[in-house]
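Report on the structure
Listed below are the residues making up each chain.
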Amino acid sequence: MPDDGRTTTTMLERDERHEADVRRWPAVEALEVGPDDRRIRHDVVEDGFLDLQSLLIRRPGSDALVVHLHGSIERQHYDLPRFERLSSLQEVDANLLLLADPTLLLDDQLRIGWYLGRDGEDATERLAALIRRVAAQLGVARIVLAGSSAGGFGAIALAPRIPGALAVAFSPQVHVRRFGEEWAERLRGAAFPSRDRFEALELDPGTRTRVDLAALYEEVPGGRVWYVQNSGDLDHVALQRDPFEAAVDDRVTFVDEFHCAGHNPPTRTRVRAWIERALEAPDEDPRSFALPAA
């Protein structure tokens, strides 16, 4: 690839952990998917903004794109960037784009960032632009956004920003502070230090839709979601799922199925099955695919 000023490096770096060459771009608009690319890490390194880190595994001939977002991570066990579900999803018959949460770059103790970015930088909007850029370059007709927990939050937040996309969210958060005051305050301190308390983000029209997805879906049209809730996760049912169902319209279809007791994602086999179902039959009622709820 010739250096025409749009890249900061051209295939000069290797991510051995993910077995991918790394391309760095100065802006989302500069990102290019090469015709012979198969497995490339694309990093958008834009002055004044958090880095956007993604791993693209291309499946030639496919007209679909699966975008997966990770949830919270144990920082002592995982290095950044975190690309979740790489082994279980790379054989799905679709192009695969794995996204790392740029919010975690703000603090090496931060375990969860909900893809918010920081004060003055909406990372969800920037990631949406990246997805749209990649999708256009691949020429895909179908886009599925997927994630569990905080990754599900990100998928639901992205859906209205990606025309035609379907989000499949597994036991997601949809309201940051309801996940827990300690978690919310840790995020506030790292990403919004000018605010004296997290509730200020919920009251500010400029940030309300970033931390409360019911507010987002009230204000922003579009987006479609399969909200797959583990019925054994009683806290998330009461604090996240039920209030969200009461607040949103039929753009969101709620599916209850039992995965386990407590807040854990489905098995990797079940995650893959849901994503493949969304690719094959995006217009069906997902409740017909559900496992029995406990």
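Below you will find a few notes about this structure.

Rules used in this analysis
- Residues numbered from 1 in each chain as written.
- Predicted model: local features only at pLDDT ≥ 70, side-chain atom pairs only at ≥ 80, totals over all residues.
- Heavy atoms only, no water.
- Helix = DSSP H or I, 4+ residues; strand = E, 2+ residues; numbered from the N terminus.
- Contact = heavy atoms within 4.5 Å.
- Areas by Shrake-Rupley, 256 points an atom, 1.4 Å probe, with all protein chains shown as cover.
- Expected span 1.5 Å × (residues − 1).
- Buried < 20%, exposed > 50% of the residue type's maximum accessible area, 1.4 Å probe, protein only.
- Polar contact = N/O pair within 3.5 Å; in protein donor to acceptor, adjacent residues only side chain to side chain.
- Phe/Tyr/Trp six-rings, centres within 6.5 Å; stacked < 30°, edge-to-face > 60°.
- Lys NZ or Arg CZ within 6 Å of the ring centre and 35° of its normal.
- Core = buried A, V, L, I, M, F, W, Y, C linked by side-chain atoms within 4.5 Å.
- 1 Å grid on protein atoms, 1.4 Å probe; cavity = no way out; pocket = protein on both sides within 12 Å on 5 of 7 lines; lining within 4 Å.
- Points joined across faces, edges and corners; volume = space filled by probe spheres on them.
- Nonpolar A, V, L, I, M, F, W, Y, C, P; charged D, E, K, R; others polar.

1. Here we look at the overall build of the protein chain
Scanning the protein chain from N- to C-terminus turns up 9 helices and 12 strands. For the C-alpha atoms alone, the extent of the protein chain along its principal axes is close to 55 × 45 × 35 Å. Across the protein chain, every contact between residues at least 6 apart in sequence was considered, and the portion connecting residues at least 24 apart equals 63%. Element-wise, carbon and sulfur atoms account for 47% of the exposed surface of the protein chain, whose accessible area totals about 12300 Å².

2. Points about helix H2 (residues 123-138)
Here H2 is 16 residues long and its end C-alpha atoms lie 22 Å apart, about the 22 Å a rise of 1.5 Å per residue gives. Among all positions of H2, only Ala123, Thr124, Arg126, Leu127, Ala128, Ala129, Leu130, Ile131, Val134, Ala135 and Leu138 are buried. In this structure Asp122 caps H2, since a side-chain oxygen of it lies 3.0 Å from the backbone nitrogen of Thr124.

3. What about the packing of aromatic side chains?
Scanning the model with the defined rule gives 8 aromatic pairs in all. Among the aromatic residues, those joined into a cluster by ring pairs are Tyr217, Tyr227, Phe244 and Phe254. Lying across the ring of Trp183, Arg186 places its NZ or CZ 5.6 Å from the centre.

4. Topic: the nonpolar core
Counting 62 residues, the largest nonpolar core has Leu145 and Phe244 as the members making the most contacts within it. The element that contributes the greatest number of residues to this core is H2, accounting for 8 residues. Not counting residues within four places of it along the chain, the set of residues in contact with Phe244 comprises Ile156, Val174, Leu213, Ala214, Tyr227, Val252 and Phe254. Of all hydrophobic cores here, the second largest spans 27 residues; its members include Ala94, Phe170, Trp226 and Trp274.

5. Re the environment of Leu96
Along the polypeptide, Leu96 turns up in strand S6 (residues 95-99). Considered as a pair, Leu96 and Arg39 are 57 residues apart in the sequence and their alpha carbons are 9.5 Å apart. In contact with Leu96, not counting residues within four places along its chain, are Leu55, Leu56, Ile57, Leu65, Val66, Leu89 and Gln90.

6. A few points about the layout of surface pockets
Reported here for the largest pocket is a volume of approximately 280 Å³. The wall of the largest pocket is formed by 15 residues, among which Ser148, Ser149, His263, Asn264 and Pro265 lie closest to the centre. Residues belonging to the lining of the largest pocket are distributed by class as follows: 5 nonpolar, 7 polar and 3 charged. By volume, the second largest pocket is sized at about 180 Å³.

7. A word on helix H3 (residues 150-158)
For H3, the buried fraction is high: 9 of the 9 residues fall into the buried class. Every buried residue of H3 is listed here: Ala150, Gly151, Gly152, Phe153, Gly154, Ala155, Ile156, Ala157 and Leu158.

8. Some details on the environment of Asp108
Relative to the assigned elements, Asp108 resides in the loop between S6 and strand S7 (117-118). Residue Asp108 is classed as exposed on the basis of its relative accessible area of 55%. Along the primary structure Asp108 and Gln76 are separated by 32 residues, whereas in three dimensions their C-alpha atoms are 9.6 Å apart. For Asp108, the side chain forms a polar contact with the side chain of Gln109, separated by 3.3 Å.

9. Brief notes about unusual backbone geometry
Put simply, Leu80 and Pro81 share a cis peptide bond, and its omega is 0 degrees. With respect to the element layout, Pro81 can be found in the loop between strand S5 (64-69) and helix H1 (86-89). With a phi angle near 60 degrees, Tyr115 is a residue other than glycine that sits in the positive phi range. Within the fold, Tyr115 resides in the loop between S6 and S7. Residues other than glycine seldom take positive phi values, yet Ser171 does so here, at roughly 40 degrees. Here Ser171 is to be found in the loop between strand S10 (166-170) and helix H4 (181-191).

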